[in-house]
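Observations on chain architecture
Here is what each chain is made of, one letter per residue.
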Amino acid sequence: MRSLKEMKKKAAAAAFLLLGAVGVVSYASEADTAKTPFVLTFNTSTTGVFPRGVSYEGISLEGKTLEEAKSEISDYIEDRQSRYMVWNIVGNTYEYSASSFGVACTNAEIVSSLDNLTMSGNIVEQYKKQKDMDVNPVDLDLQFSLDTQTLHDTISEYTSTLSRTVSNASVKRENAQFVVTEAVNGIAFDTEAIYNELTGMINDFSTADPINYTFPYTETPATYTSADFAFSELPLGSFYTDGLGDKNRRNNISRAAEGMNGRIFYPGETISALDLYGAVTTENGYAEAPGYNQGRVEMVVGGGVCQVTTTLYNAVLRAELDVSYRKNHSMMVNYVYPGMDAMVAPQDNSDFKFVNSSNHPIYIEAYVVDDRICINIWGIEERDANRSVRFRTEILSVSWPETLYNIVVNDSECQVGEVRVNYKHKVEVEVHPALSCVSYKQIYIDGQLVEEKELNRDNYKAASGLIYRASDCNVSASARPGNAGEAMVFPYIGWTIDISVTTPGGGEWPYYE
């Protein structure tokens with residue numbers, strides 16, 4: 001016969017099994033049967049799955065089998081290693097995956113620690129495991145690596161390649177047409193800031209959502225665009241001079257013209273003629289040719305560049321740009337009116353300078369054609385169409401040196417014998433009169449003079465010329481005012497030189513065919 005104690009134990013076990021089938025177990029003492037039952041989440045089918053309290057990266061694995069858990073974690077890792085990225089960089093799109101930058105799980109083997117955490121055994125053992133997991137839950141901490149050097153190098157390559165230095169629009173003249181190159185706005189990146197921001201986004205392994213990242217940059221607009229090179233149909237100022245001289249002098253004029261041709265200057269820039277010409281040396285392509293030096297005509301390197309300077313000066317005057325420094329020659333020149341010349345002297349840094357005082361860029365065109373140097377200054381015309389400018393020179397005084405020409409016998413330069421008179425002598429150096437003058441700028445509106453401004457007051461030194469003659473004749477020279485319509489030696493001041501060739505006996509040199 002069973003005791004009362006044994007009967008109570010059997011009844012309790014039957015009750016435990018019955019209630020276990022529905023996942024509820026109640027423990028109640030005979031003294032207190034009203035306590036709240038402890039609810040379990042497992043049931044009779046929980047064997048082989050994870051209890052509550054098992055997770056990875058905070059994601060619960062409760063109710064999942066070991067294979068399901070391993071598959072889910074593997075997908076989680078793969079999603080982060082292959083995470084899709086789109087980089088938008090100054091209008092360009094570049095695609096990457098996280099694995100491109102070495103993203104990988106460094107402790108994937110930790111998944112093996114789940115092997116013994118699924119439910120097993122009878123219901124009491126499973127209950128005990130659940131109680132243990134509630135007290136000591138397991139959360140797998142997956143670790144990922146990032147190749148920061150590769151990421152930084154890739155970002156740097158883009159920011160270096162796609163960075164741009166700001167560049168104004170430019171222009172060149174080809175086949176009598178202007179070809180404009182568009183301006184380029186500057187692009188600058190903060191590579192380190194981009195690297196830090198992208199590193200933070202990639203290192204956020206809580207999500208596998210695609211990364212769509214636009215590289216921030218600073219854009220610096222160009223100061224001058226193609227609109228600033230929409231030049232007027234006619235130059236702002238244009239001028240030419242004739243008479244380039246011998247081969248060396250012509251070479252120097254051409255070389256100086258090449259130095260300034262195609263040069264662009266922006267508003268407010270000061271332009272130096274010497275800077276345009278470059279070093280006036282034989283190494284830089286210049287040759288010896290006649291030039292002025294301290295009131296004398298001498299052979300100098302770069303002889304003739306002053307004619308280019310004078311031509312430029314007159315183009316600048318007609319463009320009505322501001323002249324900041326100009327000096328006249330020591331002696332009068334024969335290719336412009338007195339007071340309208342300008343000189344440079346590389347040996348003592350004497351220069352001609354002017355300022356682009358317009359509101360737009362200017363372009364200098366300079367070229368030699370036949371026996372002429374031509375200079376055009378192009379830009380955007382802002383002056384009224386009915387406005388024009390002219391220039392005039394007033395001669396205050398003219399005086400000739402006491403000896404007009406030094407006359408020297410030179411049979412190697414002149415012909416002895418019965419030849420035409422022009423072979424009997426050669427003007428090697430022209431005489432220069434002393435002269436003072438004042439030059440003016442005149443402003444016309446609708447063809448009517450409305451204003452006259454004084455430009456310069458200049459003085460020029462006198463210097464005797466040099467004539468070679470044959471040994472079997474005599475030569476003399478005299479200066480006089482020219483007659484209307486007469487070809488004059490000094491047309492800009494209205495004077496000419498008469499040269500007489502006579503026989504040794506003083507008679508007029510005979511005419512020869």
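Residues numbered from 1 in each chain as written. Predicted model: local features only at pLDDT ≥ 70, side-chain atom pairs only at ≥ 80, totals over all residues. Heavy atoms only, no water.

1. Concerning the overall build of the protein
Quick reminder of the rule: Helix numbers and strand numbers start at the N terminus; a helix is a DSSP run of H or I with at least 4 residues, a strand a run of E with at least 2. This radius of gyration counts C-alpha atoms alone. The globule rule is 2.2 Å times how many residues there are, raised to the power 0.38. Only protein chains enter the accessibility calculation, which uses a 1.4 Å probe; a residue whose area is less than 20% of its type maximum is buried, one above 50% is exposed, and one in between is partly exposed. Residues are treated as being in contact if the distance between any of their heavy atoms lies within 4.5 Å. As used throughout, the charge tally considers Lys and Arg to be positive and Asp and Glu to be negative, leaving His and the chain termini uncounted. Lysine's charge is taken at NZ, arginine's at CZ, aspartate's at CG and glutamate's at CD.
When helices and strands are tallied, the protein shows eight helices and 31 strands. Its C-alpha radius of gyration of 50 Å places the protein more than 25% over the 24 Å reference for a compact globule of 513 residues. Judged by the C-alpha coordinates and their principal axes, the protein covers about 185 × 55 × 35 Å. Counting every position in the protein, which comprises 513 residues, the buried fraction comes to 39%. Taking the contacts inside the protein whose residues are at least 6 apart along the sequence as the reference set, 71% of them involve residues at least 24 apart. Measuring between centres, the 41 positive side-chain charges of the protein sit 4 Å from its 68 negative side-chain charges.

2. What about the confidence of the model for the protein?
Formally: Every residue is assigned a pLDDT by the predictor, reflecting its confidence on a scale from 0 to 100.
On average, residues of the protein score 91 in pLDDT, and 91% of them are at 70 or above. Residue range residues 1-39 is modelled with pLDDT below 50. Its contacts to residues more than four positions away, or to other chains, number 23 contacts.

3. A look at the pattern of salt bridges
Which entries qualify depends on this criterion: Here a salt bridge means any side-chain nitrogen of Lys or Arg lying within 4 Å of a carboxyl oxygen belonging to Asp or Glu.
Within this structure, the stated rule accounts for 22 salt bridges. Here Glu320 makes a salt bridge to Arg387, at a shortest N to O gap of 2.3 Å. You can see Glu320 sitting in the loop between helix H8 (305-319) and strand S20 (322-325) and its partner Arg387 sitting in strand S24 (residues 387-399), a full 67 residues away along the chain. Arg387 sits in the partly exposed class, given a relative accessible area of 27%. Between Lys426 and Glu413 there is a salt bridge whose closest N-O contact spans 3.0 Å. Remark: Glu413 occurs in the loop between strand S25 (405-409) and strand S26 (425-429) and Lys426 occurs in strand S26; sequence separation between them is 13 residues. Relative accessible area serves as the criterion here: at 40%, Glu413 is assigned to the partly exposed category. Through salt bridges with shared partners, a single ionic network connects Glu320, Glu381, Arg383, Arg387 and Lys441.

4. What about the sheet that holds S24?
The line we're drawing: When DSSP locates at least two bridges between a pair of strands, those strands are taken to pair. Every axis in this analysis is a line fitted to C-alpha atoms, fitted for helices over the stretch in contact. Angles between the N-to-C directions lie between 0 and 180 degrees.
Sheet architecture is open: three strands sit in the order S24-S27-S28, paired in antiparallel fashion. The sheet is open, and its two edges are formed by S24 and strand S28 (448-460), each paired on a single side. Pairs of neighbouring strands in the sheet enclose a mean axial angle of 20°, with direction left out of account. Across eleven bridges, the pairing between strand S27 (residues 434-445) and S28 is antiparallel. Following the sheet pairing, Ser436 is matched in S28 by Asn459.

5. Some thoughts on the sheet that holds strand S6 (residues 92-97)
Judged by pairing direction, the sheet is mixed, and its three strands sit side by side in the order S6-S5-S13 without closing on themselves. Here the strands that pair on one side only, and so sit at the sheet edges, are S6 and strand S13 (211-214). Shown here is a sheet whose adjacent strand axes are inclined to one another by a mean of 20°, direction ignored. Pairing of strand S5 (residues 84-89) with S13 involves four bridges; the strand directions are parallel. Note that in S13 the partner of Met85 across the bridge is Ile211.

6. Topic: the nonpolar core
Under the convention used in this document: By nonpolar core is meant a set of buried Ala, Val, Leu, Ile, Met, Phe, Trp, Tyr and Cys residues that side-chain atoms within 4.5 Å join together.
The biggest cluster of nonpolar side chains holds 44 residues, and the ones touching the most others in it are Met260, Tyr277, Phe352 and Phe354. Looking at this core, the elements that each hand over two or more residues are helix H6 (247-260), helix H7 (273-277), H8, strand S22 (362-369), strand S23 (372-378) and S24. The next biggest cluster of nonpolar side chains, apart from the first, holds 38 residues, and it includes Tyr76, Leu114, Leu162 and Ile211.

7. Points about helix H2 (residues 66-81)
Quick reminder of the rule: The length a helix should cover is 1.5 Å for every residue beyond the first.
Here H2 spans 22 Å end to end across 16 residues, near enough to the 22 Å set by a 1.5 Å rise per residue. At its buried positions, H2 is contacted by strand S3 (54-56), strand S4 (59-60), strand S7 (104-105), strand S8 (138-140) and strand S9 (144-145).

8. Details of the packing of aromatic side chains
Heads up, the rule is: Note on aromatic contacts: the rings of Phe and Tyr and the six-membered ring of Trp form a pair at centre separations within 6.5 Å, being stacked when their planes are under 30 degrees apart, edge-to-face when over 60 apart, and tilted otherwise.
The final tally for this structure, using the stated rule, is 22 aromatic pairs. Between Trp87 and Phe215, the aromatic rings sit 5.5 Å apart at their centres with planes inclined by 50°, giving tilted as the arrangement. Taken together, the positions of Trp87 in strand S5 and Phe215 in the loop between S13 and strand S14 (218-220) put the pair 128 residues apart, joining distant regions of the chain. Since its relative accessible area comes to 0%, Trp87 is described here as buried. Accessibility expressed as a relative area gives 1% for Phe215, which makes it buried. Here the aromatic rings of Tyr224 and Tyr266 are separated by 4.7 Å at their centres, their planes lie at 25°, and the arrangement is stacked. Highlighted residues: Tyr224 in the loop between S14 and strand S15 (237-242) and Tyr266 in the loop between strand S16 (263-265) and strand S17 (270-272), separated in sequence by 42 residues.

9. Quick look at unusual backbone geometry
Positive phi is not limited to glycine here, since Glu57 has a value of about 50°. Here Glu57 shows up in the loop between S3 and S4. Positive phi outside glycine occurs at Asp446, with the angle close to 50°. Positionally, Asp446 belongs in the loop between S27 and S28. Under the relative-accessibility criterion, Asp446 is labelled exposed at 57%.

10. Looking at the state of the cysteines
Put simply, the test is: Two cysteine sulfurs form what is called a disulfide whenever their separation falls within 2.5 Å.
By the definition in use, this model includes zero disulfides. Free of any disulfide, Cys437 has its nearest neighbouring cysteine sulfur in Cys306, separated by 17 Å. For Cys437, a relative accessible area of 1% gives the class buried. Cys473 carries a free sulfur, and the closest cysteine sulfur to it, the one in Cys414, is 7.2 Å from it.

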